[in-house]
Amino acid sequence: ARVPTVHAPSPHRIVMPDGMSLPLRRWGPVPGSGRPPRAVILGLHGFNDHAGAFVSLAAAVAGADIAVYAYDQRGFGASPQRGEWPGAGQLVSDARWALTQLRQRYPHTPIHVVGLSMGGAVAALLIDRDPPAAIDSAVLVAPAFWGRGEMPWYQRFALWAGEQVAPALTLSSETLDIEPTDDPAVMRALRNDPRWIRAPSVEAMAGVADLMERALRSLQRFDGPPTLIQYGGRDEVIPPEAACAMFTALPLGTPWRAAFYPDGYHMLTRYRGAAAVLADIQAFIAAPDGVLESGRGVGQAAVRQAVCAQASQG
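Presented here is a report on the structure given in the accompanying data block. (Residues numbered from 1 in each chain as written. Predicted model: local features only at pLDDT ≥ 70, side-chain atom pairs only at ≥ 80, totals over all residues. Heavy atoms only, no water.)

In this section: the sheet that holds strand β4 (residues 66–71). Strand order in this open sheet of nine strands is β1-β2-β4-β3-β5-β6-β7-β8-β9, and the pairing throughout is mixed. Each edge of the open sheet is held by one strand with a lone partner, namely β1 (12–15) and β9 (297–298). Sheet topology places strand β6 (residues 137–141) next to strand β7 (residues 227–232); four bridges connect them, and they run parallel. Bridging across to β7, Val141 finds its partner in Gln230. The sheet contacts of helix α3 (residues 118–128) involve β3 (39–44), β5 (111–116), β6 and β7, and relative to β5 the element is tilted by about 135°. (Pairing = 2+ DSSP bridges. Helix = DSSP H or I, 4+ residues; strand = E, 2+ residues; numbered from the N terminus. Contact = heavy atoms within 4.5 Å. Axes fitted to C-alpha atoms, helices over the stretch in contact; angles between N-to-C directions.)

In structure tokens:
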């Protein structure tokens, strides 16, 4: 049976410059075996999640001689200070450090960043840094770009009130009636996953809102590297209004492309149609300008028009 997440302890760690030790997962060719992989992926997981989210991607690329590395970002998974919001800048700095460590280990191997949801926002800010991160391409899977201007007023107020009044208060996503996937096996795994954060603090919610807004603003300056943005028509976490703002912010003619999956849920790599999404990631990494396996590639102007039309209908 397919295992959609991995939450058993990992023997690997990555130590950040300030001494913070974070759980690290690795799949693919063993380092130092004398046979470097054809490519390396650094995975950045989503809000409340952990590095085990990349097990499905790792399984999909296992036969292609691709190594996948992912770590529990600060405040998430089994990291120290779990549940505390580390700040957007810290998350980006950690990702940059992880990239430098991978580049030292694989000096002549293409390195790609794959960001899931919140990890997509971290990846965007990583790309926006000066100097830009030295990566060969990026894949943003249902990325969390959401300006507060696109949030309903009651969400904005709840975030503001929580920041001002009760930062230790927790909010449960179960009360929002959101379905992140249509795969019951994935939902069972998440319910039984001790590393999944079920009730994030208001401080963390406000922090991720700030991260999403900063990432959205950074898109206006986007100019590479080659980037694939994947979005699903049934995403209830990042709704069409937010996706419309994302695609509108991206400058036309710069090296980004889109794939739109009409039946896709927010957890695009962990829903019933995930095989097509995973195949597209592998195809894009191999040839950023090539044809996507699923046939779901959409032109820049066309995806902007389609998603914004969906937003106006909603």
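Structure's up, so let's keep going.
Where helix α2 (residues 88–105) contacts α3, the two axes come as close as 9 Å, and the packing angle between them is 75°. Relative to α3, the element α2 lies roughly perpendicular. Of the residues in α3, those touching α2 at Leu91, Val92, Ala95, Arg96 and Leu99 are Met118, Val122, Leu125 and Leu126. Here the residues of the contact of α2 with α3 are counted per class, giving eight nonpolar, no polar and one charged. (Parallel < 35°, antiparallel > 145°, perpendicular 65-115°, else oblique. Nonpolar A, V, L, I, M, F, W, Y, C, P; charged D, E, K, R; others polar.)

Inspection of every chain in the model, using the stated rule, returns one cavity of 30 Å³ or more. If you add up the space inside the largest cavity, you get close to 50 Å³. Taken together, Phe47, Asn48, Gly75, Phe76, Gly83, Glu84, Trp85, Ile197, Pro200, Ser201 and Ala204 make up the full set of residues lining the largest cavity. In terms of residue class, the lining of the largest cavity is built from six nonpolar, four polar and one charged. (1 Å grid on protein atoms, 1.4 Å probe; cavity = no way out; pocket = protein on both sides within 12 Å on 5 of 7 lines; lining within 4 Å. Points joined across faces, edges and corners; volume = space filled by probe spheres on them.)

A word on unusual backbone geometry. Of note, the bond from Gly224 into Pro225 is cis; its omega dihedral lies within 30 degrees of zero at 5°. Mapped onto the secondary structure, Pro225 falls in the loop between α6 (202–218) and β7. Although it is not a glycine, Ala142 adopts a positive phi angle of roughly 45°. Take Ala142: it is sitting in the loop between β6 and α4 (153–165).

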